[in-house]
Amino acid sequence: MTLAVRVPEELSARVPAEQRGTGLDRDAVRLLVSRGTAVSHHTFRELPRLLRAGDLLVVNTSATLAAAVDGRIGYARVVVHFSTRGDDGRWAVELRDPDGRGTTRARAGGPAGVEVGLPGGVRLVLEEPLSARGDRLWWARVSVPDVLGVLRAHGRPIRYSYTARDQPLSAYQTVFALPGADGAGSAEMPSAARPFTARLVAELVSRGVQFAPVALHTGVASAEAHEPPYPERFAVPEASARLINAVRAGDGRVIAVGTTAVRAVESAAGADGVVRRAAGWTDLVVTPERGVRAVDGLLTGLHEPEASHLLMLEAVAGRAAVRVGYEEALRGRYLWHEFGDLHLVLPDALDALDAPHSSDAPDPS
């Protein structure tokens, strides 16, 4: 689905919420709530009273990598975005040009055989496009086995031009992030979980809201291309699968925190809607035609109107609800992107309770 709306540049969240004023924390963002086509406005700190005992939040525990590394092709400067590690030791990468403002712009991919010099004498050689759909991402061979060590020593978080300045890697880690046993992580932050704080999690638990951890290691999603997602590594543990099934069998709602959590859970759900332990690679693209089998609702950031993620929102809530929600977000001047505001999407059929009244709290941003 493409929405016939344009997001004004000034609605891009240029810095994290906690840097917008004294005494603010990550949860100082706004929350738009859609129940079908009914919309209400809140602050994110109100989330505990917007959910109910027995609800389940599915959270992505993937940690964010310092996935951007400076390099050179001959005398030309480039920036390498490391996306995904393959089973054969190669990495899917995107090459980008520095834009002179501390960020990057898209460049043509390839060709095969191009060699990129990285810090410390490390070399990277492009071998073949990741997909026949385009040549933005390439499989590349790196001259040292410890690529994660290169990222730790010389990398920084991937940053796009709508942000104001570089941020430390800690700004891109969510409260749920756990280091992978093999060092695996996400090229870009699973950003829907960023506004959660330890205090907010404790309040949710005290009100009877449960959490189910899953993992999906996100690759590079180009700011320009809006392509469908590529295969990504995921894992749904046995305990989380059982908890999801138990909540679905009762009166609770399974609410995914982020589109990455949806992709992980739905990749582990059978045609019967039962979620089973699963791990490996998923190429699932959740669309309205495929629908969702195990997820009832979605807490997500605001994506560009052309983004493929909107198909997933439509699968959860329906086209009319997504359109009304985005129109209301624009009207209310919500902030977009990974440091921006949040959108809680629930379909009509699941809203057995009366919708809470809109908040009169001031805009914390």
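Relevant structure appears above.
All figures in this text were calculated on a predicted structure; none of them were measured in a lab. Residue positions are given per chain, counted from 1 along the sequence in the order it is written. This being a predicted model, a pLDDT of at least 70 is required before a residue's local features are given, and a value of 80 or more before pairs of side-chain atoms are given or counted; all residues contribute to the totals for chains, interfaces and linings. Heavy atoms from the whole structure form the basis of all side-chain values; hydrogens and water molecules are not counted.

Some details on the overall build of the chain
Numbering of helices and strands runs from the N terminus, with a helix taken as a DSSP run of H or I at least four residues long and a strand as a DSSP run of E at least two residues long. When helices and strands are counted, the chain shows 7 helices and 16 strands. Whereas a compact globule of 365 residues would reach a radius of gyration of roughly 21 Å, the chain reaches 20 Å, a difference of no more than 12%. Oriented by its inertia axes, the alpha-carbon framework of the chain measures out at about 65 × 45 × 35 Å. We call two residues in contact when some of their heavy atoms are within 4.5 Å. Nonlocal contacts in the chain, meaning residues at least 24 apart in sequence, comprise 72% of its contacts between residues at least 6 apart. Note on charges: Lys and Arg go in the positive column, Asp and Glu in the negative column, and His and the chain ends are not counted at all. To locate a charge, take atom NZ for lysine, CZ for arginine, CG for aspartate or CD for glutamate. A distance of 3 Å separates the average location of the 41 positive side-chain charges in the chain from that of its 44 negative side-chain charges. Our radius of gyration looks at C-alpha atoms and nothing else; its globule reference is 2.2 Å times the residue count to the power 0.38.

Concerning the sheet that holds strand 16 (residues 342–346)
Strand pairing in a sheet takes place through backbone hydrogen bonds and is either antiparallel or parallel in direction. Should DSSP find at least two bridges between two strands, the strands are taken to pair. Strand order in this open sheet of 9 strands is 2-1-16-15-13-3-11-12-14, and the pairing throughout is mixed. Edge positions in the sheet fall to strand 2 (38–43) and strand 14 (278–282), since each has one partner strand and no second. Here the strands of the sheet are splayed against their neighbours by 20 degrees on average, with no regard to which way each runs. Note on geometry: axes are C-alpha line fits, over the in-contact stretch for helices, and angles between N-to-C directions span 0 to 180 degrees.

Details of empty space enclosed by the protein
Only protein atoms enter the 1 Å grid used here. Points where a 1.4 Å probe fits but cannot escape make up a cavity, open sets with protein on both sides within 12 Å along at least five of seven lines make up a pocket, and a residue lines them when an atom lies within 4 Å of a point. Grid points are joined across faces, edges and corners, and a volume is the space filled by probe spheres set on the points. For the structure shown, the criterion picks out 3 cavities of 30 Å³ or more. Within this model, the largest cavity holds a volume of roughly 100 Å³. Taken together, Leu65, Ser83, Thr84, Arg85, Trp91, Leu148, Ala184, Gly185, His217 and Arg233 form the lining of the largest cavity. Here the residues of the lining of the largest cavity are counted per class, giving 4 nonpolar, 4 polar and 2 charged. When residues are sorted by character, Ala, Val, Leu, Ile, Met, Phe, Trp, Tyr, Cys and Pro go into the nonpolar class, Asp, Glu, Lys and Arg into the charged class, and all the rest, Gly among them, into the polar class.

A few points about the nonpolar core
The definition of a nonpolar core used throughout is a set of buried Ala, Val, Leu, Ile, Met, Phe, Trp, Tyr and Cys residues joined through side-chain atoms within 4.5 Å. With a 1.4 Å probe rolled over the protein chains alone, any residue whose accessible area is under 20% of its type maximum counts as buried; one over 50% counts as exposed, and the rest are partly exposed. Counting 49 residues, the largest nonpolar core has Val58, Val236, Ile244, Val265, Val275 and Trp336 as its most contacted members. Those elements that place two or more of their residues in this core are strand 3 (56–60), strand 11 (210–217), strand 12 (232–236), helix 4 (238–249), strand 13 (254–257), helix 5 (259–267), helix 6 (309–317) and helix 7 (319–331). Looking at which element gives the most residues to this core, the answer is helix 6, with 6 residues. Setting aside its immediate chain neighbours within four residues, Val275 contacts Val236, Ala241, Ile244, Asn245, Val265, Ala268, Ala269 and Ala294. Among the nonpolar cores identified, the runner-up in size contains 31 residues, and Val79, Leu95, Leu151 and Tyr162 belong to it.

What to know about the layout of surface pockets
In this structure, the second largest pocket occupies an estimated 190 Å³ of space. As for the second largest pocket, its lining consists of 13 residues, and the residues nearest its centre are Thr64, Leu65, Leu148, Arg152 and Gly183. A per-class count over the lining of the second largest pocket returns 8 nonpolar, 4 polar and 1 charged.

Points about the packing of helix 6 against helix 7
Contact pair helix 6 / helix 7: the axes reach a minimum separation of 7 Å and the direction vectors enclose 120 degrees. When the interaxial angle is binned, helix 6 and helix 7 end up oblique. Counted together, Leu310, Leu313, Glu314 and Ala317 of helix 6 and Arg319, Ala321, Val322 and Tyr326 of helix 7 form the full contact between these two elements. Across the contact of helix 6 with helix 7, the residue classes tally to 6 nonpolar, no polar and 2 charged. By the definition adopted for this analysis, an angle is roughly parallel if under 35 degrees, roughly antiparallel if over 145, roughly perpendicular if from 65 to 115, and oblique otherwise.

Quick word on the side chain of Glu232
Secondary-structure assignment places Glu232 in strand 12. Using a relative accessible area of 11% as the deciding quantity, one classes Glu232 as buried. We call two N or O atoms a polar contact when they sit within 3.5 Å, provided that within protein one can donate a hydrogen and the other can accept it, with sequence-adjacent residues counted only if both atoms are side-chain atoms. A polar atom in the side chain of Glu232 sits 2.6 Å from the side chain of Arg263. Look past the residues within four positions of Glu232 in its chain and what remains in contact with it is Leu216, His217, Thr218, Gly219, Arg263, Gly280, Trp281 and Thr282.

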